[in-house]
Amino acid sequence: MSGTVLTPDICIIGAGSGGLSVAAAAAAFGVEVVLIEKGLMGGDCLNYGCVPSKSLIAAAHQAHTMRSDKGLGVAPADPVLDFAKTQAHLRSVIAAIAPHDSVERFEGLGVTVLQSRARFVDAETVEAGGTRIRARRFVIATGSSPAVPPIPGLEESGFLTNETIFDLTERPDHLIIIGGGPIGIELAQAYRRLGAAVTVVEAQKALSREDEEAASLVLSALREEGVVLHEGAKVVRVEGEAGAPVVVIEREGGVQDRISGSHLLVAVGRSPNIADLGLEAAGIDFERSGIRVDPDLRTANRRVYAIGDVAGGLQFTHAANYHAGLVVRAILFRLPVRNRPHLVPRVTYCDPELAHVGLSEAEAREVHGDGVKVLRAELGENDRARAEGVGRGFVKLLTDRRGRILGATIVGESAGELIALWSLAVSRRLKVSAIAGLVLPYPTLSETGKRAAVSYYSGSLENPWLRGLVRFLRIFG
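In short, a report on the structure. (Residues numbered from 1 in each chain as written. Predicted model: local features only at pLDDT ≥ 70, side-chain atom pairs only at ≥ 80, totals over all residues. Heavy atoms only, no water.)

1. Comments concerning the pairing of strand 2 (residues 10-13)
Part 1 of the reasoning: Side chains Ile 10 and Ile 12 project from strand 2 onto one buried face, and the interleaved Cys 11 and Ile 13 project onto a second face that is buried too.
Part 2 of the reasoning: Note that strand 2 and strand 3 (residues 33-36) share 4 bridges and pair parallel. Pairing of Cys 11 across the sheet is with Val 34, part of strand 3.
Part 3 of the reasoning: Considered for its hand, the β-α-β crossover made up of strand 2, helix 1 (residues 17-28) and strand 3 is right-handed.
Part 4 of the reasoning: Of the strand pairs in this sheet, strand 2 and strand 8 (residues 137-140) are connected by 4 bridges, and their pairing is parallel. Of the residues in strand 8, the one forming a bridge with Ile 13 is Ile 140. (Buried < 20%, exposed > 50% of the residue type's maximum accessible area, 1.4 Å probe, protein only. Helix = DSSP H or I, 4+ residues; strand = E, 2+ residues; numbered from the N terminus. Pairing = 2+ DSSP bridges. Right-handed = clockwise from strand over helix to strand, strands pointing away.)

The following block contains the structure:
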C-alpha cells in the first residue's frame, strides 16, 4: 500500500477500548473508517490491565475464601496454590476475549485496519506505514502507558509495571510496590492472597482520591491480611538488581529505611501516549497530562477529537467507551455533546470493594454549601450481609437540600455492582424519593442503599404518621 492515499470519513488512531468502540459504531452505520494500531489490538485493558488483573484477583479471592472462617460452620483450609495454572487462567481469559477485538473482526465489519505507527504530517493528514490518510474527522485514542518516576537506580533494578507483571512465570517471594493508588493496592492484596509477602510504599496517602473513611476501611483490611503499607514515605533510591531489589525510603524527619524484596512493581500512575504523533504539525495543543480538549472532546484542531486516557482526564476503560459514544454522536449525527466526568463511576477491586460516582463531599459542598446532606447506612445492618458474614462496609449518599442525589460512595461486598443504581441516579438527576419508593428483592445487599435514601426524611419529619411510615420503610422496605 506504499504511496496509497485514503480518504475515509473517520480515521482512528489507537485500537484500545475507545478506538474500537468508535470504529464498530461508525462501521455499523456504513461509515468508511480507517483504524490504525501500532501494538496489540484491544489495547491496555485487554492485554495488560482490566482483564488480566481481574483474572488474577479472582484467583486470589478464591484462595482467600478457602482460608477464611466466617463462622458459617465450614472449616477453613489452606489452598494448594499453583501459580502456573493461575497464569494459564489469565491467558485463557485474554485469548477468549481477543477475537472480539481482532483485526479480522474489524475488517469483517468493513473497517480498514493499518498495523503501523501513525503520525500527523499536517492539520489534515496522517501517515501510517507509507499510507496517507486524509479523513473528514480524526479520533486520537492512543491511551496511556505506565509512568516511570526518575528514581536513582530504578532503571537498573529490573522493575515491573502492569505491562510486564502478568508475564511472570513464578510467584514473587516478596513484591515491593511503589505507589498506593488503585493499581498498586489491588495487586498488593491479590499477590498477598496468593502467598507472596507484599510491601507498598506511598509518598502521600494510599487511595488518596477516595472518601477517607472508605479508603481507611480498605487499607485496614489489607493490613489485617499482612500487607505492609508505608504511607508518607518517599523513595530515595533503588539499589540491587533484578531478583534482589532494595528500596530505600525516607520518612518525615529524614529517617531512612531499607526494604529488600524479590520483585519491584512501579504503579505511580500513567502517562498519556502522545509522543511521536506529530501533534505540533496538526496544530493540536497538549501538555504533560494529555491532549487539551474542549467539553465536546474536540482539540484545537477542529477536525480532531481525543478520547480516553490520552485526553488527560479519567483513565478507565468505561470512560473511554463513554467518550466514544459522545464523539460518535457528534461526528455521525452532528449532535451537541458535553463530557461530564462526574457521571463516570469508578471501582477499586479490593476486598472490600470501593466504588464511587458523582461528586465527592468536598466537591458537593463547594457547589451547594451547607445545603448538602450526608446520608448513610451500614452494610452490617443488612440482612443479606448478616447471613453471608460480609457486614464490613457502608453506603454514603450526598444530596442537595431538595433531595437530589449528587454522589454516592459504597465500600463493602459487591460495591462495584451496587454502584450501578447510583450511577443511574446521578446521571438522571434523581431524587432520593425515587429510590426510597423503589421495590427491591429481599434479602439483597442493594437494600442498604435504599435504607440510606429513606434516612433523608427521618430527621426532619414533624408529622407522626410520616415518621411512622419512614420507620416502617426502614424496617420492612
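Let us keep going from here.
2. Focus: the sheet that holds strand 22 (residues 353-358)
Part 1 of the reasoning: Taken in spatial order, the 5 strands line up as 21-22-25-24-23 in an open sheet, and their pairing is antiparallel. Here the strands that pair on one side only, and so sit at the sheet edges, are strand 21 (346-348) and strand 23 (373-378). Each adjacent strand pair in this sheet contributes to an overall mean axis angle of 10°, direction not counted.
Part 2 of the reasoning: Two elements, strand 22 and strand 25 (residues 405-412), share 6 bridges in a ladder whose sense is antiparallel. When the sheet's bridge partners are listed, His 356 is paired in strand 25 with Thr 409. (Axes fitted to C-alpha atoms, helices over the stretch in contact; angles between N-to-C directions.)

3. Some remarks on the pattern of salt bridges
Part 1 of the reasoning: Applying the stated rule across the entire model yields 27 salt bridges.
Part 2 of the reasoning: A salt bridge links Asp 44 to Arg 270, with the shortest nitrogen-to-oxygen separation between them at 3.1 Å. Placement of the pair is Asp 44 in helix 2 (residues 43-47) and Arg 270 in strand 17 (residues 270-272), with a sequence separation of 226 residues.
Part 3 of the reasoning: The partly exposed category is assigned to Asp 44, whose relative accessible area is 25%.
Part 4 of the reasoning: Since its relative accessible area comes to 17%, Arg 270 is described here as buried.
Part 5 of the reasoning: Of the charged contacts, one joins Arg 376 and Glu 378 as a salt bridge, the two residues approaching to 2.5 Å between their closest N and O atoms.
Part 6 of the reasoning: Take Arg 376: its relative accessible area is 29%, and that puts it in the partly exposed class. (Salt bridge = Lys/Arg side-chain N within 4 Å of Asp/Glu carboxyl O.)

4. Digging into a nonpolar patch on the surface
Part 1 of the reasoning: On the surface, Phe 29, Phe 333 and Leu 335 cluster together into a nonpolar patch covering about 310 Å² of accessible area.
Part 2 of the reasoning: Mapped onto the elements, Phe 333 comes out in helix 9 (residues 317-333). (Patch = residues over 30% accessible without salt bridge, like charges linked within 9 Å, V, L, I, M, F, W, Y side chains within 5 Å. Areas by Shrake-Rupley, 256 points an atom, 1.4 Å probe, with all protein chains shown as cover.)

5. Thoughts on the nonpolar core
Grouped burial of nonpolar side chains is what soluble globular proteins tend to show.
Part 1 of the reasoning: Membership of the largest hydrophobic core comes to 39 residues, with the highest contact counts inside it found for Leu 56, Ile 165, Ile 177, Ile 185, Tyr 191, Val 198 and Val 200.
Part 2 of the reasoning: Mapped onto this core, the elements with two or more residues apiece are helix 3 (50-67), helix 4 (83-97), strand 10 (174-178), helix 6 (182-193), strand 11 (197-202) and helix 7 (212-224).
Part 3 of the reasoning: Top contributing element to this core by residue count: helix 7, with 6 residues.
Part 4 of the reasoning: Non-local contacts of Val 200, meaning those with residues more than four positions away in its chain, are made with Ile 177, Gly 179, Gly 180, Ile 185, Ala 188, Val 227, Val 228, Leu 229 and His 230.
Part 5 of the reasoning: Core analysis: the next-biggest nonpolar cluster, separate from the first, contains 29 residues, Ala 15, Val 22, Val 111 and Val 327 among them. (Core = buried A, V, L, I, M, F, W, Y, C linked by side-chain atoms within 4.5 Å. Contact = heavy atoms within 4.5 Å.)

By themselves, these figures tell us nothing about what the structure is for.
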